[in-house]
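So the chains spell out like this:
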Amino acid sequence: MLIGFTVENFRSFLGEASLSMIATGDKEHREFNVIPTEHDDLLKSVLIYGANAGGKSNLIHALYYMKKMIVSSIDVQTEHIKTCQPFTFREDAGKLPTRFEISFLLNGVVYDYGFAILAGQISREHLYKKSRRRTVVFERTAPEFDNIRLTPDMADVEPLRKNVRGDVLFLSWAAYANNSLAIKIVDWISRKLIIFGLNGDAAVTPKAISDFTRAFVQKADGDILEMKRQSGGALFSSHKVYGEDWNTGRIIDVPFADYSSDGTKRMLDLSDAFSKALTESAVIVIDEMDLHLHPALVRHLIALINSIDRNPLNAQLICATHDVLLLDEDIRRDQIWFVDKDEHSVSSLYALSDFKDVRKNSDILKRYLLGVYGAIPDLNRGDSFE
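About the cut-offs
Residue positions are counted from 1 within each chain, in the order its sequence is given. The predicted nature of this model means local features are confined to residues of pLDDT at least 70 and side-chain atom pairs, given and counted, to a pLDDT of 80 or more, with totals for whole chains, interfaces and linings taken over all residues. For the side-chain quantities, the full set of heavy atoms in the structure was used; hydrogens and water were omitted. Each residue is assigned to one of three classes by its accessible area relative to the maximum for its type, calculated with a 1.4 Å probe on protein chains only: buried under 20%, partly exposed between the two thresholds, exposed over 50%. Segments assigned H or I by DSSP are reported as helices when at least four residues long, segments assigned E as strands when at least two residues long, and all are numbered from the N terminus. Whether two residues touch is decided by their heavy atoms; if any such pair falls within 4.5 Å, the residues are in contact. All axes here are fitted lines through C-alpha atoms, helices being fitted over the stretch that makes contact, and every angle between N-to-C directions spans 0 to 180 degrees. These descriptions rest on fixed angle ranges, namely under 35 degrees for roughly parallel, over 145 for roughly antiparallel, 65 to 115 for roughly perpendicular, and the rest for oblique. A crossing counts as left-handed when the near helix is turned anticlockwise from the far one by less than a right angle, and as right-handed when that turn is clockwise. In this classification, the charged set is Asp, Glu, Lys and Arg, the nonpolar set is Ala, Val, Leu, Ile, Met, Phe, Trp, Tyr, Cys and Pro, and all remaining amino acids, among them Gly, are polar. A cavity, in this analysis, means grid points on a 1 Å lattice covering only the protein atoms where a 1.4 Å probe fits yet has no way out; a pocket is instead an open set bounded by protein on both sides within 12 Å along at least five of seven lines, and a residue lines either one if it has an atom within 4 Å of a point. Grid points are joined across faces, edges and corners, and a volume is the space filled by probe spheres set on the points. For two strands to be treated as a pair, DSSP must find at least two bridges joining them. A 3.5 Å cut-off defines polar contacts: any pair of N or O atoms within that distance qualifies, except that in protein one atom must be a possible hydrogen donor and the other a possible acceptor, and neighbouring residues in sequence count only when both atoms are side-chain atoms. Any two of the Phe, Tyr and Trp rings considered here, Trp counted by its six-membered ring, make a pair once their centres fall within 6.5 Å; the pair's planes then place it as stacked at under 30 degrees, edge-to-face at over 60, or tilted in between. Throughout this description, the term salt bridge denotes a Lys or Arg side-chain nitrogen within 4 Å of a carboxyl oxygen of Asp or Glu. We define the nonpolar core as a collection of buried residues of types Ala, Val, Leu, Ile, Met, Phe, Trp, Tyr and Cys that are connected through side-chain atoms lying within 4.5 Å of one another.

A short note on helix α9 (residues 295–305)
Then, number 1: For α9, a buried count of 8 out of 11 residues is recorded, marking the element as mostly surrounded by other parts of the structure.
Then, number 2: Residues of α9 that are buried include every one of L297, V298, R299, H300, L301, I302, L304 and I305, and no others.
Then, number 3: At its buried positions, α9 is contacted by β5 (45–49), α6 (211–218), α8 (262–280) and β16 (316–320).

Focus on the packing of helix α2 (residues 56–71) against helix α5 (residues 180–191)
Then, number 1: The N-to-C vectors of α2 and α5 enclose an angle of 135 degrees; their axes lie 10 Å apart at closest approach. Taken together, the axes of α2 and α5 are oblique relative to one another. The element α2 and its partner α5 pack so that their crossing is left-handed. Contact with α2, carried on its side by K67, I70 and V71, involves V186, I189 and S190 of α5 and no other residues of that element.
Then, number 2: Classifying every residue of the contact of α2 with α5 by side-chain character gives 4 nonpolar, 1 polar and 1 charged.

Observations concerning empty space enclosed by the protein
Then, number 1: The full count for this structure, using the stated rule, is 1 cavity of 30 Å³ or more.
Then, number 2: Approximately 50 Å³ is the volume attributed to the largest cavity.
Then, number 3: Along the walls of the largest cavity sit F5, L19, I48, L59, I60, L63, V285 and I318, which together make up its complete lining.
Then, number 4: By residue number, the principal contributor to the lining of the largest cavity is α2, which donates 3 residues.
Then, number 5: In terms of residue class, the lining of the largest cavity is built from 8 nonpolar, no polar and no charged.

Brief notes about the layout of surface pockets
Then, number 1: Empty space within the largest pocket amounts to approximately 280 Å³.
Then, number 2: Lining the largest pocket are 14 residues, and of these A51, N52, K341, D378 and R381 sit closest to its centre.
Then, number 3: Looking at the lining of the largest pocket, its residues break down into 5 nonpolar, 3 polar and 6 charged.

Details of the sheet that holds strand β14 (residues 248–255)
Then, number 1: Ordered in space as β12-β13-β14, the 3 strands form an open sheet in which the pairing is antiparallel. If you trace the sheet from one side to the other, it starts and ends with β12 (226–229) and β14, each paired once. Put simply, the sheet's adjacent strands are angled 35 degrees from each other on average, direction ignored.

Remarks on the side chain of K56
Then, number 1: If you trace the backbone, K56 turns up in helix α2.
Then, number 2: Separated by 3.0 Å, the side chain of K56 and the backbone oxygen of G50 make a polar contact.
Then, number 3: At 3.2 Å, the side chain of K56 forms a polar contact with the backbone oxygen of A51.

A short note on the packing of aromatic side chains
Then, number 1: Enumeration according to the criterion identifies 20 aromatic pairs in this entry.
Then, number 2: With 5.4 Å between their ring centres and 70 degrees between their planes, F10 and F100 make a pair best called edge-to-face. In this pair, F10 is assigned in the loop between β1 (2–8) and β2 (17–20) and F100 in strand β6 (residues 98–106), connecting sequence segments 90 residues apart.
Then, number 3: According to the relative accessible area criterion, F10 is buried, its value standing at 1%.
Then, number 4: For F100, a relative accessible area of 0% corresponds to the buried category.
Then, number 5: Measuring from ring centre to ring centre gives 5.7 Å for F338 and Y350, while their planes differ by 40 degrees; the resulting arrangement is tilted. With F338 in strand β17 (residues 336–341) and Y350 in strand β18 (residues 347–351), this residue pair connects regions lying 12 residues apart in the sequence. Each of the two residues, F338 as well as Y350, counts as buried.
Then, number 6: In textbook terms, an aromatic cluster arises when at least three aromatic residues are bridged by ring pairs, as seen for Y49, F338, Y350, F355, Y368 and Y373.

Description of the pattern of salt bridges
Then, number 1: What the rule picks out here adds up to 22 salt bridges.
Then, number 2: For D187, the salt bridge identified is with R191, shortest N-O distance 3.0 Å. Of this pair, D187 and R191 both sit in helix α5, 4 residues apart, roughly one helical turn.
Then, number 3: Among the ionic contacts, a cluster of salt bridges with common partners joins E8, E16, R99 and E101.

Topic: the nonpolar core
Then, number 1: Ranked by internal contacts, the top residues of the largest apolar core, which has 66 residues, are F100, Y113, F115 and M154.
Then, number 2: When residues of this core are assigned to their parent elements, the largest contribution, 9 residues, is made by α2.
Then, number 3: In contact with F115, not counting residues within four places along its chain, are M66, M69, I70, T98, R99, F100, I122, R124, E125 and L169.
Then, number 4: With 39 residues, the next largest nonpolar core counts M267, F274, I284 and I336 among its residues.

Notes on the pairing of β2
Then, number 1: Burial along β2 is one-sided: the residues A17 and L19 are buried and none of S18 and S20 is.
Then, number 2: Here β1 runs beside β2; their pairing, made up of 4 bridges, is antiparallel. Paired with G4 across the bridge in β2 is S20.

This is the structure:
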């Protein structure tokens, strides 16, 4: 389960921005929306709000970039590191490190892994673990291999440490060398972190149409009776054809892509991610959650995650959205996050629970639209049409 993610000096984020899945002590909606663990209690879902171009997509892209670096082969990493994008709109930002850190819980152990990039090199890198107390697995304080300090968890790759290049993650090198702990970390990030809607982790249309996929898509289009692939792999959906008296005459198959709405296609795209998350206890990260979807469908997807019966393995959901009506749903204050951009084009990230004056009976939707929490468009900027 994801505990948190931090980014610094990447795209529109200059200072440190940390998204936390740790629940506050608030008892509201705790039974359904919070996962008790032997460490911190964690949130099942988080909603991220903000104006267009405020930085919501950049936050998700930062998480995707970190994943891409970690799961790529060593040779490919040297190319990815060249595409790192420090904050653009300050002259000295390129001289500052770009930093990523992720924390997650696996089999009762908390793992904290992070790295920093500066001038095309891995300037810092670390892996810590905590079962009862936090201990070091390895620490790297500079690009050169002799600045990597190993502990017994990494003893089997000590002879290979001198082969680590400055533009390659040591974690990936250790996994390549079959270190069991490094493999475990890379595997979790590869399989349990599903980032939907960006290159590489884009929608995966299921090859086999399962009962879950069919029922999932039928939430958007109840006229679909069945879905199946025909020879060549083309996807077809089955529909009723009515006679002149509107009695059912027969069932026909039509190309799914030609006869389905954008919202129905979106549900198909999302089905694989939700199926994997619910059956494998994974984390889904979605940019523009409400794209092409009716608000009722968005509520259904969030309720699917914030459920005891339908989410017994405690999958998690992080989504950026403009659907402000969700603010009136059964959502905790620590589940609502905002991304705001200041006059210098710097994005900041903060939670509704950071505001001390938000009472349980506060009209959060109204206050947000009035700008009380920031993260809304500045309609006074630009040319006037009056």
